[in-house]
Amino acid sequence: MTKPSYYAPKGGLPPQTQLLTDRAMFTESYAVIPKGTMTDIVTSNLPFWENTRAWVLARPLSGFAETFSQYIVEVSPNGGSIKPETDPTAQGILFVVDGSCTLTINGESHTMQPGSYAYLPAGCDWTVSNSTENDTTFHWIRKAYQAVDGIDRPVAFVSDEGKATTVEMPDTNGAWKTTRFVDPADMRHDMHVNIVTFQPGGVIPFAETHVMEHGLYVLEGKAVYRLNQDWVEVEAGDFMWLRAFCPQACYAGGPGPFRYLLYKDVNRHMPLNR
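I will try to describe carefully the structure that is included in this document. (Residues numbered from 1 in each chain as written. Predicted model: local features only at pLDDT ≥ 70, side-chain atom pairs only at ≥ 80, totals over all residues. Heavy atoms only, no water.)

## Regarding the overall build of the protein chain
- Along its length, the protein chain carries 0 helices and 21 strands.
- Relative to the globule expectation of 19 Å for 274 residues, the C-alpha radius of gyration of the protein chain, 18 Å, shows essentially globular dimensions.
- Its C-alpha atoms give the protein chain principal-axis dimensions of roughly 55 × 45 × 45 Å.
- In the protein chain, the share of contacts with a sequence separation of at least 24, taken over all contacts with a separation of at least 6, comes to 71%.
- Here the protein chain contributes 21 positively and 30 negatively charged side chains, and the mean placements of these two sets differ by 1 Å. (Helix = DSSP H or I, 4+ residues; strand = E, 2+ residues; numbered from the N terminus. Rg over C-alpha atoms; globule rule 2.2 N^0.38 Å. Contact = heavy atoms within 4.5 Å. Lys, Arg positive; Asp, Glu negative; His and termini not counted. Charge placed at Lys NZ, Arg CZ, Asp CG, Glu CD.)

## Overview of the sheet that holds strand β21 (residues 258-265)
- Taken in spatial order, the 8 strands line up as β1-β2-β19-β16-β21-β14-β13-β12 in an open sheet, and their pairing is antiparallel. The open sheet is flanked by β1 (25-26) and β12 (165-168), the only strands paired with a single partner. (Pairing = 2+ DSSP bridges.)

## Focus on the pairing of strand β7 (residues 108-112)
- Pairing analysis gives 5 bridges linking strand β6 (residues 101-105) to β7, with the strands arranged antiparallel. Bridged to Thr102 within β7 is Thr111.
- The antiparallel pairing of β6 with β7 creates a hairpin that spans 2 residues between the two strands, and Asn106 there sits at a positive phi of about 50°.

## With respect to the nonpolar core
- Ranked by size, the top nonpolar core spans 29 residues in total, and within it Phe95, Tyr117, Leu219, Trp241 and Leu261 carry the most contacts.
- Listing elements by their share of this core, those giving two or more residues are β3 (50-58), β5 (90-98), β8 (116-120), β14 (191-198), β16 (214-220), β19 (239-242) and β21.
- Apart from residues lying up to four places away in sequence, Leu261 is in contact with Gln70, Phe95, His139, Ile141, Val193, Asn194, Ile195, Gly215, Leu216, Tyr217 and Leu219.
- Residues Val32, Val218, Val234 and Ala236 belong to the second largest nonpolar core, which totals 24 residues. (Core = buried A, V, L, I, M, F, W, Y, C linked by side-chain atoms within 4.5 Å. Buried < 20%, exposed > 50% of the residue type's maximum accessible area, 1.4 Å probe, protein only.)

So, in structure tokens, the structure goes:
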């Protein structure tokens, strides 16, 4: 089996001779943040994080995607945090794409490497440290947890893409697969972060239009993606941000697999009051 590939940005700054034309776009229904925009000058620092910088890919915006934030976090040697989350209502998911770090949850340590996944419930005690000689890079997706009376809250866990459940989408002969870290029927969870894989020639064969918001980070390969009324070329390192009901479809032209990390909000009633 071919080892999975995970794209991670490296920063830097384009030369003064580079053309300004790019694929970055922000519309009323979607945004595309191509990998070339993730330079040194657009990073953010975070409270209580040492030797760390973050590319902020998504944040709640009124009238757009409202449920989540997503960062790419780069932790340099001897970096990390003993107080990473300052919002007690925020649950989080970490997915490592480069390097290695130590994640400690409620006193139990876990070695995190490319493909490692962790779910961190709201209010849990966790830390991250990088004791290696190289940078480590991971996605950090945050969402305020929506508790429901009579349903238990989810608990922390650590997994890996190789241990997660991969299912073929119906009637696709394996051309379209989804790797799930959480059982879709587990009502404790109000968000899913999955990995979607298309083999060359695989498609989403209709324009999906649904209530879920999406963040899609391309881990590997390239494709053309239908966003609202537009077909957009995307490749490894690009990020797409879709508001609720934005029509979407996909065609993976190859030559290799097209894979992305997918966020969506699930399993809850629609809030009627703000």
